[in-house]
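# Reading the structure
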Number of protein chains: 2
Amino acid sequence: MNLEIYDIHMLEKNSVIGILGGGQLARMLCVAASKLGFQTHIYEPDASAPGSQVANVTTTASYEDQEALAAFAKSVDVITYEFENIPAATLDYLERYNSIYPNRKALEVSQDRLVEKEFLQSLGLQVAPYAAFSSRDEFLHAVQHIGVPSILKTRRFGYDGKGQARVLKAEQADAAFDDMKGAPSVCEGFVDFVSEISVIAARGQTGEIACFDPGENIHRDGILHTTSIPAKISASQRMDAVLMASKILNALGYVGVLGVEFFVTKAGLVINEIAPRVHNSGHWTQNGCIIDQFEQHIRAVVGYPLGNGERHSNVEMTNLIGTDINDVMQYANDTQVAIHLYGKAHVRAGRKMGHINRVLGPAYTK
Amino acid sequence: MNLEIYDIHMLEKNSVIGILGGGQLARMLCVAASKLGFQTHIYEPDASAPGSQVANVTTTASYEDQEALAAFAKSVDVITYEFENIPAATLDYLERYNSIYPNRKALEVSQDRLVEKEFLQSLGLQVAPYAAFSSRDEFLHAVQHIGVPSILKTRRFGYDGKGQARVLKAEQADAAFDDMKGAPSVCEGFVDFVSEISVIAARGQTGEIACFDPGENIHRDGILHTTSIPAKISASQRMDAVLMASKILNALGYVGVLGVEFFVTKAGLVINEIAPRVHNSGHWTQNGCIIDQFEQHIRAVVGYPLGNGERHSNVEMTNLIGTDINDVMQYANDTQVAIHLYGKAHVRAGRKMGHINRVLGPAYTK
C-alpha cells in the first residue's frame, strides 16, 4: 500500500505566498496569511489595488508582462489567486517557475460556463437546463427548446450579473443576442428555486476535505446581497450540498477553497456555478468560525492541515455595495456587527466596498 | 450645558493611521485598521519589523531623525504607538504636526515606574509597597524598610522581566544594586497574591469606556505565559478591576486601549503596572469577542464609537516564546486552536514569536 500518494508541498515558516489579483479577496487572504506568519506578494495590474495595503510586496504589472511574471513567480514560494479569469498564457508562463493552487483544471473548468456545466453533468450533478450555440439561428432555436424566461450568459468573464441578458419573452431573444456582442455564450433555462445556497468547501494537499455550513444567499440586481447562516434547509439537503461540493473537489484534484452555488428546488439541488477561490458568500466565516475561509485557503495552499470549519455563531453577512458604505457609522454603533471594509478609494454604483457580519448568536445546532 | 466638551477627531474613510513601532502589536493593529478600511504607516528603526508585512507604508528611521519624523507626521492623519518607551523629544517633535493617541500624560506616567506608582496612589489605588532611592545607602535603607523578598526595577525601559533584580535575602541587596548599573530604580516589596489578572480597558474620544472581561495571567521567567478567560475571581473583584481601570482612563483623559495588571490579594486588588497600549494579555479577544482589543484601539484613535467588548467564548491564550514556535504543526492540527504568528525571521530565547488562542467553548456567564 502506498501511503505517499499525495505530493505535499508544506511551506517553511515566513515563506512568501504569491497572489494573482489585488482586490478585497486578496486583501483578506493577506490578513489570513499574516496570522499564520506568512508573507504575501500581490501581482495586479491596477496600481491602487486594495489588497496591496496589507501585502508585503506588490508587483504592478499586466498579466502579459512576461518579465514581471517571471520575477514574481521566482520570488514567491507558491502561487494562488483571487479570481478565475486569469489568461491561460499567463498561467502557462507562471507554471514554468512555480506551483499554482488551485490547479489548472479548476481554472479551465470554471473559466468557461459551458465547460463547467459539461464537467458538472459528467459527475452526475444537476445544472440548469442550457444550450450552447454558435449563430443567431442556433440561439433562437435554443430559446425555443429551453423556453422563456431564460438567460443568456457569456461563457467567459462574467461576474456579479455582468455579461448577462434576460429573455423574458420570446420576442426579446433577438435583442438579447445582440447584447452579447458576438461573445460566445450559453442560454440557460429558468430554474424554479425555493432558495439559493452556497457551500464553501476546502480540500487540502493530502486530499482531506472540510466544508463550512451552507449559507443562504439573497441576490439583488445580480449581486450577492446577504448570506445567512444557517440556511433554511433540511439536514439531508445540507448533506447533499456538502457531498456534491466534495465530489467536485475530488474530481478536480483541488487544493484550496471552492465556492459552490446551488439552487434549492423541489427536485433537489441544482448547481448554479462554482468559483475556484474564496467566495463572497463565505465572508460570514470571519465571525462565525475559529478558522475562516481565508485562513482555510491559505492552509490548503501552504500544505497545512485544514482548520476547524465548524461554526460557533449564527451570522448574517450583508454586502456594502456602492453608497451603502455611507451607513458605516450606523454599523459601528451596532453591538452585534463586525465591519469589514476594503479600503477602496472611490465609491461606484455596484462596487463592493465592504461587508458586515451581524452575529445573531451562538450556534447550538448545526 | 455644553454638550461639546469633547474634541472629537473622526477620521475620514481611507485615512492613514501612523504607528510608532513595528513589532507584533503594530502588526495586529494594522490588520485591525484594514478591517475598518484604514491604511497604516509604521515608523520603526528596525528594517525587518514584523508589522511592516501588513502595513501600507513603513518608514525605517531612528526616533531621533527629525526629518523622517516630520515627513511621517505630516503624511498620516493620526499617530498612535505600540510601545510606551518613545523618547520625549520624539513626541515633542511629532506633536508639532499631528495628534498622538493615547496622550502625553499616559506616556509620561507609564514610562517611569515611580511616576506611575505616585499617580496610581494619587487616585487612591493600591500599589505594591515601594521605595525610590538615589544612592546605595538609601537603597540599603529602603530594603530594610520594605523587607525581603523584594525586587529592584529600573524606573524606565523595563519589560518582560528585563531591568529587574530580585533580593531574596538582605545580603543580596548590594549585588542587586550593582545589577542596576546606576540606572534610576525603585525597590518593590513582595506582594502575597492569590493570582494575577489584567483588564484591557478602552476609552473613546467622547469619554465612553468599554472594558474586556478580566483575564487571569500566568507568568514564566518574567514573561506572560498564558491568559485565561474568565479569570477565577468573584463578581465584586471583577467589578473592582473594571472600575479601577476606568478611574485611570478618566484621570488620564485617555483615548485608546490601556492594559492594567493587578495582583489579586486577600486585601483587595493591587495594581502591578499599566501599559498605555494594546497588551499581550488582551490577545485572547481575537477569538473571544466580536471586536478585539486591536480594533477597539483603532476605533478609539480614529474617533469611532467603541465596539462591543462582550466575550462570546472562553479562551486560553498561550504565548509561543522562542522555540515554542516549533510546535506550530501540533496546534494547526488542534481543532480548538487559532494560531497567530508574528512573521519574525529569527527565533531567539525569550522572544515572542506568536501566540495561540484555545477556544474553550461558548461564554454563557460573564
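Residues numbered from 1 in each chain as written. Chains lettered and ligands numbered in written order. Predicted model: local features only at pLDDT ≥ 70, side-chain atom pairs only at ≥ 80, totals over all residues. Heavy atoms only, no water.

### So, the overall build of chain A
Looking only at helices and strands, chain A has 11 helices and 17 strands in total. Its C-alpha atoms give chain A a radius of gyration of 20 Å, near enough to 21 Å, the size a compact globule of 366 residues would have. Within chain A, buried positions represent 61% of all 366 residues. Of all intrachain contacts in chain A linking residues separated by at least 6 positions in sequence, the fraction that spans at least 24 positions is 62%. Split by element, the accessible area of chain A, about 14700 Å² in all, is 50% carbon and sulfur. Each charge sign in chain A was given a centre, from 32 positive and 41 negative side chains, and these centres are 3 Å apart. (Helix = DSSP H or I, 4+ residues; strand = E, 2+ residues; numbered from the N terminus. Rg over C-alpha atoms; globule rule 2.2 N^0.38 Å. Buried < 20%, exposed > 50% of the residue type's maximum accessible area, 1.4 Å probe, protein only. Contact = heavy atoms within 4.5 Å. Areas by Shrake-Rupley, 256 points an atom, 1.4 Å probe, with all protein chains shown as cover. Lys, Arg positive; Asp, Glu negative; His and termini not counted. Charge placed at Lys NZ, Arg CZ, Asp CG, Glu CD.)

### Section: the sheet that holds strand β7 (residues 164–167) of chain B
Residues and elements named next belong to chain B. Pairing within the open sheet is antiparallel, and its 4 strands lie in the order β5-β8-β6-β7. With one partner strand each, in any of the chains shown, β5 (130–132) and β7 form the two edges of the open sheet. Neighbour to neighbour, the strand axes of the sheet diverge by 20° on average, direction disregarded. Direction of pairing for strand β6 (residues 150–154) relative to strand β8 (residues 185–189): antiparallel, over a ladder of 5 bridges. Paired with Ile151 across the strands is Glu188, a residue of β8. In the packing of helix α6 (residues 136–146) onto the sheet, the strands contacted are β5, β6, β7 and β8, and the crossing angle to β8 comes to about 15°. (Pairing = 2+ DSSP bridges. Axes fitted to C-alpha atoms, helices over the stretch in contact; angles between N-to-C directions.)

### Observations regarding the sheet that holds strand β7 (residues 164–167) of chain A
Residues and elements named next belong to chain A. Taken in spatial order, the 4 strands make up an open sheet running β5-β8-β6-β7, and their pairing is antiparallel. This sheet does not close on itself; its edge strands, each paired only once, are β5 (130–132) and β7. Across the sheet, the mean angle separating the axes of adjacent strands is 20° when strand polarity is ignored. Together, β5, β6 (150–154), β7 and β8 (185–189) form the strand contacts of helix α5 (residues 113–122), whose direction differs from that of β5 by roughly 130°. Sheet contacts for helix α6 (residues 136–146): β5, β6, β7 and β8; angle to β8, the most-contacted strand, approximately 15°.

### Quick look at the relation of the copies chain B and chain A
Superposing chain B onto chain A takes a rotation of 180° plus a shift of 0.0 Å along the axis, which leaves an RMSD of 0.0 Å. What the superposition gives is, in effect, a two-fold axis relating one chain to the other. Proximity to the rotation axis, assessed at the C-alpha, singles out Val54(B) in chain B; its C-alpha lies 2.0 Å from the axis. Both copies present the same face, since 100% of the interface residues in chain B are matched by interface residues at the equivalent positions in chain A. (Least-squares fit on C-alpha atoms with pLDDT ≥ 70 in both.)

### So, the interface of chain B and chain A
Across the contact, 43 residues belong to chain B and 43 residues belong to chain A. Carbon and sulfur atoms make up 56% of the surface buried where chain B meets chain A, a total of about 3300 Å² over both sides. Contact with chain A buries area across many residues of chain B, yet Lys13(B), Gln53(B) and Ile290(B) alone supply 16% of it, more than any other trio. Along the contact surface separating chain B from chain A lie 0 salt bridges. Linking chain B with chain A are 14 residue pairs in polar contact (both at pLDDT 80 or more), by the criterion used here. Contributions of two or more residues to the side of chain B that touches chain A are made by α1 (24–35), α11 (328–332), β16 (337–341) and β17 (352–362) of chain B. (Buried area = accessible area lost by both parts, 1.4 Å probe. Salt bridge = Lys/Arg side-chain N within 4 Å of Asp/Glu carboxyl O. Polar contact = N/O pair within 3.5 Å; in protein donor to acceptor, adjacent residues only side chain to side chain.)

### With respect to the packing of aromatic side chains
The geometry of an aromatic ring pair is captured by the separation of the ring centres together with the interplanar angle, meaning the angle of the planes. Residues and elements named next belong to chain A. Inspection of the entire model under this criterion finds 20 aromatic pairs over all chains. Plain terms: the ring middles of Phe133 and Phe177 are 6.2 Å apart, the flat faces sit at 50° to each other, and that makes the pair tilted. Taken together, the positions of Phe133 in the loop between β5 and α6 and Phe177 in helix α7 (residues 173–179) put the pair 44 residues apart, joining distant regions of the chain. This pair shows no difference in class: Phe133 is buried, exactly as Phe177 is. Consider the rings of Phe193 and Phe263, whose centres lie 5.0 Å apart with planes at 15°: the pair is stacked. Residue Phe193 is found in the loop between β8 and β9 (195–203), and its partner Phe263 is found in strand β13 (residues 256–265); the two are separated by 70 residues along the sequence. Taking the relative accessible area as the measure of exposure, Phe193 reaches 34% and is therefore partly exposed. With a relative accessible area of 9%, Phe263 lands in the buried category. An aromatic cluster of at least three residues, connected via ring pairs, comprises Tyr43, Tyr63, Phe72 and Phe83. (Phe/Tyr/Trp six-rings, centres within 6.5 Å; stacked < 30°, edge-to-face > 60°.)

### Topic: α6(A)
Residue and element names in this part refer to chain A. Within α6, the full set of buried residues consists of Phe139, Ala142, Val143 and Ile146. When α6 is viewed along its axis, its buried side chains cluster within an angular range of 100° and face the same direction. The exposed residues of α6 that point more than 90 degrees off its buried face are Asp137, His141, Gln144 and His145. Looking at the buried side of α6, the elements it contacts are β5, β6, β7, α7 and β8. Phi for Gly147, located one or two positions after α6, is positive at around 90°. (Arc of directions from axis to C-beta.)

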